[in-house]
Amino acid sequence: MPSSIAELVALFDLEVIEEGLYRARPPVTHFQRVFGGQVLGQALLAANRTVPVDRPVHSLHAYFLLPGDPAVPIVYDVEDLRDGRSFTSRRVAARQHGKHIFYLTASFQVEEPGLEHQDVMPVVPDPLDCPTLAESIEADRGPDAAAYMTEEFAALDVRYAGSSAVGGMLHDPAHPALARMWLRANDRLPDDVALHRCLLAYMSDLTLLHASLVPHQVSIDSIQRASIDHAMWFHRPFRADEWLLYDQVSPSASGARGLSLGRLYNADGVLVATAVQEGLIRPGFTG
């Protein structure tokens, strides 16, 4: 996976096959399947390529159908669903080995004024006062478990800001599954609104499902886990290379599935995006 901002940006430099058809180069990775955030962000970028620049994405809904093969390119096929006066809609199919592995539907809107309100950002430690996610994983599970963060996600700066795990600082009987992270790209990104939204989609898949495991005191290695679906809403402008608080809560886990919701605030407390994901969390996995 990208070890620098240059490599991260290159991951989102799609090859044009023909109008509405794009191909992404596979990254160098130790993962046995494609990171879901990569497919999510690249599919959103493919959709963006077919939309006027004055219509930023405001929502997306996606399903992960099959595990992606990290050794071969992914082809993204964009379908024009609607081009209205204010809204544009696109559907993207991602394919490998002749099969659909992922579908995304996204909606884009001309920017316009309207009513405004938002929830208040929770009080959290400053990101630079928080341990990196790799440090937190190492303290909990040892250096080998933390290696994937430093090896696979070196282009990101992710800080652990607390959880409701046993002994955690966020213990709340009404919300037993809480987890908070600060995150950002670790270097300056180009001034491209579409790229920043695609990268936030990429980052949003990193820790969201894990919030559903917080109260259960199970080893992550004993859980078969995979993203099933993912939705995002983009509320206000932001930069993916500036600190964003990922305030995550899992309101329910049942039927070997966990549901997690995450709110993303910038450092000034402005709510910039919301993400929701359901994923497979099947216990007793030994493979």
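So, here's what we can say about the structure.

Cut-offs used in this document
- Residues numbered from 1 in each chain as written.
- Predicted model: local features only at pLDDT ≥ 70, side-chain atom pairs only at ≥ 80, totals over all residues.
- Heavy atoms only, no water.
- Helix = DSSP H or I, 4+ residues; strand = E, 2+ residues; numbered from the N terminus.
- Contact = heavy atoms within 4.5 Å.
- Areas by Shrake-Rupley, 256 points an atom, 1.4 Å probe, with all protein chains shown as cover.
- Lys, Arg positive; Asp, Glu negative; His and termini not counted.
- Charge placed at Lys NZ, Arg CZ, Asp CG, Glu CD.
- Patch = residues over 30% accessible without salt bridge, like charges linked within 9 Å, V, L, I, M, F, W, Y side chains within 5 Å.
- Salt bridge = Lys/Arg side-chain N within 4 Å of Asp/Glu carboxyl O.
- Phe/Tyr/Trp six-rings, centres within 6.5 Å; stacked < 30°, edge-to-face > 60°.
- Buried < 20%, exposed > 50% of the residue type's maximum accessible area, 1.4 Å probe, protein only.
- 1 Å grid on protein atoms, 1.4 Å probe; cavity = no way out; pocket = protein on both sides within 12 Å on 5 of 7 lines; lining within 4 Å.
- Points joined across faces, edges and corners; volume = space filled by probe spheres on them.
- Nonpolar A, V, L, I, M, F, W, Y, C, P; charged D, E, K, R; others polar.
- Pairing = 2+ DSSP bridges.

**A closer look at the overall build of the protein**
Scanning the protein from terminus to terminus reveals five helices and twelve strands. Over its C-alpha atoms, taken along the principal directions, the protein stretches across nearly 55 × 45 × 35 Å. Long-range contacts, defined here as pairs at least 24 residues apart, represent 71% of the contacts in the protein between residues at least 6 apart. Of the accessible surface of the protein, which amounts to about 13,900 Å², a share of 53% is contributed by carbon and sulfur atoms. Taken as two groups, the 23 positive and 36 negative side-chain charges of the protein have centres that lie 6 Å from each other.

**Re a nonpolar patch on the surface**
A grouping of Tyr-63, Leu-65, Leu-66 and Tyr-103 is seen on the molecular surface, where their side chains present a nonpolar patch of about 370 Å² in accessible area. Take Tyr-103: it is sitting in strand β6 (residues 99-109).

**Re the packing of aromatic side chains**
Inspection of every chain in the model, using the stated rule, returns seven aromatic pairs. Centroid distance Phe-35 to Phe-153: 5.1 Å. Interplanar angle 75°. Geometry classified as edge-to-face. Highlighted residues: Phe-35 in the loop between β2 (21-24) and α2 (36-48) and Phe-153 in the loop between α4 (143-152) and β7 (156-163), separated in sequence by 118 residues. Taken as a pair, Phe-35 and Phe-153 share a single burial class, namely buried. With a centroid separation of 6.4 Å and 75° between ring planes, the pair formed by Trp-182 and Trp-243 is classed as edge-to-face. With a gap of 61 residues between them, Trp-182 in strand β8 (residues 178-185) and Trp-243 in the loop between β9 (223-234) and β10 (244-254) connect regions that are remote in the sequence. There is no split in this pair, since Trp-182 and Trp-243 are both buried.

**Structural notes on the layout of surface pockets**
In this model, the second largest pocket occupies a volume close to 570 Å³. Gln-109, Glu-112, Phe-234, His-235 and Arg-236 are the residues nearest the centre of the second largest pocket, which is lined by 22 residues in total. Of all the secondary-structure elements, those providing two or more residues to the lining of the second largest pocket are β3 (57-64) and β9. Residue classes in the lining of the second largest pocket are distributed as ten nonpolar, six polar and six charged.

**What about the pairing of strand β4 (residues 74-83)?**
Of the strand pairs in this sheet, β2 and β4 are connected by four bridges, and their pairing is antiparallel. Opposite Tyr-22, over in β4, you have Tyr-76 as the bridge partner. The sheet contact formed by β4 and strand β5 (residues 87-96) spans eight bridges and is antiparallel. Paired with Tyr-76 across the two strands is Ala-94, which belongs to β5. Linking β4 to β5, which pair antiparallel, is a turn of three residues.

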